[in-house]
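Each chain, letter by letter, is given below.
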Amino acid sequence: MPFVRGLMARLIAIADESTDDDDIRLRKRMGVIAGYVTVPAALTLIPLAPDAVLAWVLGLGLCLYAIGNLVLLARTHRFQRYVVALISVGIPFTIITNIINGGVSVSGGGMMWAFLVPVYAIIALGPRPATKWFVIFLVGLVGVVGIDPFVTSRIAPPAYPTRLISFLIGVGGPSAVTFLLLRYTDLRRREAQARSDELLFNAIPKSIAIRLRHGEDRIAEAYAETTVLFADIAAFTPWAQRTDPARVVGLLDTLFTEFDELAATCGVEKIKTIGDSYMAVAGAPDPRPDHAEAALALARGMLVAIGAWRAANDLDLELRIGLASGNVVAGIIGQKRILFDLWGDTVNAASRMESSGLPGRIQVAPASWELLRDRHAFEPRDVEVKGLGRLTTHMLAEAGST
């Protein structure tokens with residue numbers, strides 16, 4: 001079964017190119033599937049037509065034409081030419097088939113096969129080009145109805161059982177093809193949407209992404225109660241300069257991926273990474289009363305994670321972490337590469353708590369200490385903080401203490 005699925009995947013991907021986006025790739029694959037469907041569909045004429053010789057000529061002719069068109073597509077990747085070549089023969093072939101079968105009043109739903117032409121066109125080429133092909137289908141339909149009296153007076157109808165089978169194939173075949181094409185299209189569309197949502201939700205908070213998808217184009221909010229976290233790997237820059245770049249990126253990716261998982265577990269929103277710095281917030285964009293506790297839980301988990309990371313990779317690198325609590329302004333900036341970001345004194349204070357902190361320790365601003373001091377042990381520390389002057393900050397007594 002894996003071999004069969006792999007073969008089928010390769011067969012429907014013969015028009016794919018590396019530069020195709022999800023929409024173009026889906027349209028190409030649907031057009032290719034339409035070509036494969038045409039091969040057996042053309043052969044349904046042969047056992048039903050009264051004129052066996054003409055039926056063989058038309059059926060095999062269209063079958064070979066469809067195969068040749070697919071081969072040419074695989075060699076040239078000229079998809080537009082392929083689709084036009086495929087659908088341009090569909091309506092004339094169906095009209096001729098209806099005539100040799102004794103007319104539309106005898107052949108029943110035979111013209112339903114012609115309806116696949118605008119269906120193929122809208123799936124493979126898009127709605128605007130498909131309009132022309134739908135008009136051509138309507139003209140062809142009116143035409144076969146107009147000549148039906150002439151056809152029925154000169155061509156004897158097939159036997160009743162043959163007419164029943166012809167009706168069954170004429171209605172059931174195109175209906176089944178249309179349903180399967182639409183089903184395949186919808187499944188692929190949903191998969192593409194899921195991939196798009198995953199990328200968007202990884203870039204910005206889910207609640208913000210949903211608001212963007214609902215049409216909001218300017219999102220900015222004030223959050224009164226938050227705790228902002230900054231973390232930075234001490235002495236990372238000199239270590240990175242003397243280390244192979246691939247190793248630097250790989251190790252940093254491993255560590256920050258674990259930080260992301262910790263943030264999700266603690267209910268804290270990652271904001272961004274800048275080099276070896278990591279920024280997150282608790283209480284925005286989804287408010288929570290225990291924002292300081294959540295941020296501290298993340299900070300402690302990060303110290304544990306970097307300890308294991310350091311030991312596993314034989315590194316001598318420590319993490320400085322700073323927390324500050326208070327109000328922030330948050331919103332979306334950018335159009336091509338959107339970013340959910342924070343602004344305000346609380347953000348600046350958290351950054352200063354990190355930069356003036358000590359490796360392997362968690363330093364909190366006075367506002368965070370007020371929220372946490374009843375449940376955790378802290379050590380006071382007088383420190384000169386750039387931009388804030390002389391402050392009494394607090395260090396968590398030790399990772400894991402309460």
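Values in this document were obtained by computation on a predicted structure and should not be read as measured data. (Residues numbered from 1 in each chain as written. Predicted model: local features only at pLDDT ≥ 70, side-chain atom pairs only at ≥ 80, totals over all residues. Heavy atoms only, no water.)

Draft legend 1. Region of the structure containing the pairing of strand β8 (residues 389–396). As paired strands, strand β6 (residues 362–364) and β8 are joined by two bridges and run antiparallel to one another. Opposite Q363, over in β8, you have M395 as the bridge partner. With eight bridges joining them, strand β7 (residues 378–385) and β8 adopt antiparallel strand pairing. Paired with E384 across the strands is R390, a residue of β8. Two successive antiparallel strands, β7 and β8, enclose a turn made up of three residues, where G387 displays a positive phi of approximately 85°. (Pairing = 2+ DSSP bridges. Helix = DSSP H or I, 4+ residues; strand = E, 2+ residues; numbered from the N terminus.)

Draft legend 2. Region of the structure containing the pattern of salt bridges. Here the structure, examined in full by the defined rule, presents 17 salt bridges. Salt-bridge contacts for E191 lead to R188; the nearest nitrogen and oxygen are separated by 2.7 Å. Placement of both E191 and R188 in helix α9 (residues 160–203) is noted, with a separation of three residues, approximately one turn of the helix. Judged by relative accessible area, E191 falls into the partly exposed class, the value being 37%. When its relative accessible area of 23% is taken as the criterion, R188 is described as partly exposed. A salt bridge links D341 to K272; its shortest N-O distance comes to 3.0 Å. (Salt bridge = Lys/Arg side-chain N within 4 Å of Asp/Glu carboxyl O. Buried < 20%, exposed > 50% of the residue type's maximum accessible area, 1.4 Å probe, protein only.)

Draft legend 3. A look at unusual backbone geometry. Of the consecutive residues A284 and P285, the connecting peptide bond is found in the cis state with omega at 0°. Along the chain, P285 turns up in the loop between β3 (277–282) and α13 (291–313). With a phi close to 65°, A235 is a non-glycine residue in the positive phi region. Tracing the sequence through the fold places A235 in the loop between β1 (220–234) and α11 (236–241). Within the chain, D314 stands out as a residue other than glycine whose phi angle is a positive 55°. The exposure class assigned to D314 is exposed, which follows from its relative accessible area of 74%.

Draft legend 4. Structural context of the layout of surface pockets. Approximately 420 Å³ is the volume attributed to the largest pocket. D22, L26, R188, R189 and A192 are the residues nearest the centre of the largest pocket, which is lined by 17 residues in total. At the level of secondary structure, the elements contributing two or more residues to the lining of the largest pocket comprise α2 (22–43), α7 (112–124) and α9. Per-element accounting of the lining of the largest pocket gives the leading share, eight residues, to α9. Classifying every residue of the lining of the largest pocket by side-chain character gives six nonpolar, two polar and nine charged. (1 Å grid on protein atoms, 1.4 Å probe; cavity = no way out; pocket = protein on both sides within 12 Å on 5 of 7 lines; lining within 4 Å. Points joined across faces, edges and corners; volume = space filled by probe spheres on them. Nonpolar A, V, L, I, M, F, W, Y, C, P; charged D, E, K, R; others polar.)

Draft legend 5. Molecular detail of a nonpolar patch on the surface. A cluster of nonpolar side chains, namely F3, V4, L7, M8 and L11, defines an oily patch on the protein surface of about 480 Å² accessible area. As for its position among the elements, M8 is in helix α1 (residues 2–12). M8 sits in the exposed class, given a relative accessible area of 51%. (Patch = residues over 30% accessible without salt bridge, like charges linked within 9 Å, V, L, I, M, F, W, Y side chains within 5 Å. Areas by Shrake-Rupley, 256 points an atom, 1.4 Å probe, with all protein chains shown as cover.)

Any functional reading would require information that these geometric values do not contain.
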